[in-house]
Amino acid sequence: MTHVAEIVTFSLADGITPERFVKLSQASEAFVRAAPGFVHRQLSQGTDGRWTDYVIWQDMETAQKAAAAFPQQDFAPALMAAIAADSVQIRHEAVHWDMAA
């Protein structure tokens, strides 16, 4: 079975600090952890200020189901408002190799 990487890159909305955004993102932890097919998640910020939310799912079906349920969660409006909507890029990729520490 090939896992699927969901890679979302974006910029923060005006006035949102990195610390605030991390707290808002952490509010989604219980939902993501409980989602069937969740494997791993990582949030990072590049030197250019853009962010990447990198989530590994069991397969494309579980990634799509989580994406469909995400907007209905209590934390979603605040989290989405913290992201500059016109900056969001989402893609899914098949994971062909994985190496952990």
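See the structure shown above.
Residues numbered from 1 in each chain as written. Predicted model: local features only at pLDDT ≥ 70, side-chain atom pairs only at ≥ 80, totals over all residues. Heavy atoms only, no water.

Asker: I'd like to hear about the packing of aromatic side chains, residue by residue, with values.
Answerer: Applying the stated criterion across every chain, the model contains six aromatic pairs. With centroids separated by 5.2 Å and ring planes inclined at 65°, the aromatic side chains of Phe21 and Trp51 adopt a geometry described as edge-to-face. Pair noted here: Phe21 is in helix H1 (residues 18–26) and Trp51 is in strand S3 (residues 51–57), with a separation of 30 residues, a long-range link. Across this residue pair, the class does not change: Phe21 and Trp51 are buried. Aromatic side chains Phe38 and Trp57 sit 6.0 Å apart centroid to centroid with 75° between the ring planes, which places their arrangement in the edge-to-face category. Placement of the pair is Phe38 in strand S2 (residues 38–45) and Trp57 in strand S3, with a sequence separation of 19 residues. Connected via pairs of aromatic rings, a cluster forms that spans Phe10, Phe21 and Trp51. (Phe/Tyr/Trp six-rings, centres within 6.5 Å; stacked < 30°, edge-to-face > 60°. Helix = DSSP H or I, 4+ residues; strand = E, 2+ residues; numbered from the N terminus. Buried < 20%, exposed > 50% of the residue type's maximum accessible area, 1.4 Å probe, protein only.)

Asker: Now, about the nonpolar core: what can you tell me, with residues and values included?
Answerer: Ranked by internal contacts, the top residues of the largest apolar core, which has 19 residues, are Phe10, Phe21, Trp57, Phe70, Phe75 and Leu79. Those elements giving two or more residues to this core turn out to be strand S1 (4–10), H1, helix H2 (29–34), S3, helix H3 (60–69) and helix H4 (76–81). Considering each element in turn, this core owes the most residues, three residues, to S3. Setting aside residues up to four positions removed in sequence, Phe75 forms contacts with Ala27, Ser28, Phe31 and Phe70. (Core = buried A, V, L, I, M, F, W, Y, C linked by side-chain atoms within 4.5 Å. Contact = heavy atoms within 4.5 Å.)

Asker: Quick one: what's the story with the pairing of S2, residue by residue and with numbers?
Answerer: For S2 and S3, the ladder comprises seven bridges, and the chain directions are antiparallel. Residue pairing for S3: Leu43 is matched across the bridge by Asp53. Hairpin connection from S2 to S3: five residues lie between these consecutive antiparallel strands, with Gly49 at a positive phi of about 90°. (Pairing = 2+ DSSP bridges.)

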